[in-house]
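Inside the fold
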Amino acid sequence: MKSYRKELWFETKTRRAYINITPQVESCLKESGIKEGFVLVNAMHITASVFINDDESGLLRDFEKFLEKLAPEKPYDQYHHNGFEDNADAHLKRTVMGREVVVAVTNGKLDFGPWEQIFYGEFDGKRKKRVLVKIIGE
Ligand code: ZN
């Protein structure tokens, strides 16, 4: 069995961002040389997510609206967590959108269903943050 590990780095200009990272994960898969197995992709920070959905701009705006309704960023003092920090909403948004995804690797390709794409969801950006890509198989 082979194994491969890589960290992808992001620094968004905005507090929140939704980035399609499928091309980067495909590059990792190619670099790994693994043809059959699994890819795990997880955010390494508790205020960011990795999730799978459709890369459609309307839907990405809907996610933003949905998450702001559930856990609005402001006012900051509505959250117990906010004292030294102002990112309680980001922790909550991350919990809703999830920490990681696992994708099957078949014939050297990500074995997606229709329209599936891997996204990095940033909820407390403007600083360097990481995503882990771990691939195992042969
Ligand atoms: Zn925090």
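Please refer to the structure placed before this passage.
Residues numbered from 1 in each chain as written. Predicted model: local features only at pLDDT ≥ 70, side-chain atom pairs only at ≥ 80, totals over all residues. Heavy atoms only, no water.

**Some details on the coordination of the zinc ion**
The coordination sphere of the zinc ion, as far as protein atoms go, consists of His81 (NE2), Glu85 (OE), Asn87 (OD1) and His91 (NE2), spread over 2.0 to 2.3 Å. What the four donor atoms of the zinc ion show is an angle range of 81 to 158 degrees at the metal, which sorts the shape as irregular. For the zinc ion, the donor residues sit on a single chain with the sequence spacing H-x3-E-x1-N-x3-H. The class for histidine 81 is partly exposed, based on a relative accessible area of 38%. (Donors = N, O, S within 2.8 Å, 3.2 Å for Na, K, Ca; no water. Tetrahedral: all angles 85-135°; square planar, octahedral: opposite > 155°, others 65-115°. Buried < 20%, exposed > 50% of the residue type's maximum accessible area, 1.4 Å probe, protein only.)

**Points about the pattern of salt bridges**
On inspection of all chains with the given rule, the structure shows 15 salt bridges. A salt bridge links arginine 16 to glutamate 64; the nearest nitrogen and oxygen atoms lie 2.9 Å apart. Note that arginine 16 is positioned in the loop between strand S1 (2-10) and strand S2 (17-20) and glutamate 64 in helix H2 (residues 57-70), a separation of 48 residues in sequence. Overall, the relative accessible area of 23% leaves glutamate 64 in the partly exposed class. (Salt bridge = Lys/Arg side-chain N within 4 Å of Asp/Glu carboxyl O. Helix = DSSP H or I, 4+ residues; strand = E, 2+ residues; numbered from the N terminus.)

**Things to note about H2**
Between its first and last C-alpha, H2 extends 20 Å over 14 residues, near the 20 Å set by a 1.5 Å rise per residue. Those residues of H2 not exposed but buried are Leu60, Phe63 and Leu67. Down the axis of H2, the buried side of the element spans an arc of 50 degrees, and every buried residue falls inside it. When the buried face of H2 is taken as reference, the exposed residues oriented beyond 90 degrees from it are Arg61, Lys65 and Lys69. Contacts from the buried residues of H2 go to S2, strand S4 (48-53), helix H3 (88-97) and strand S7 (117-122). The backbone nitrogen of glycine 58 lies 3.0 Å from a side-chain oxygen of the residue at the head of H2, namely glutamate 56. (Expected span 1.5 Å × (residues − 1). Arc of directions from axis to C-beta. Contact = heavy atoms within 4.5 Å. Polar contact = N/O pair within 3.5 Å; in protein donor to acceptor, adjacent residues only side chain to side chain.)

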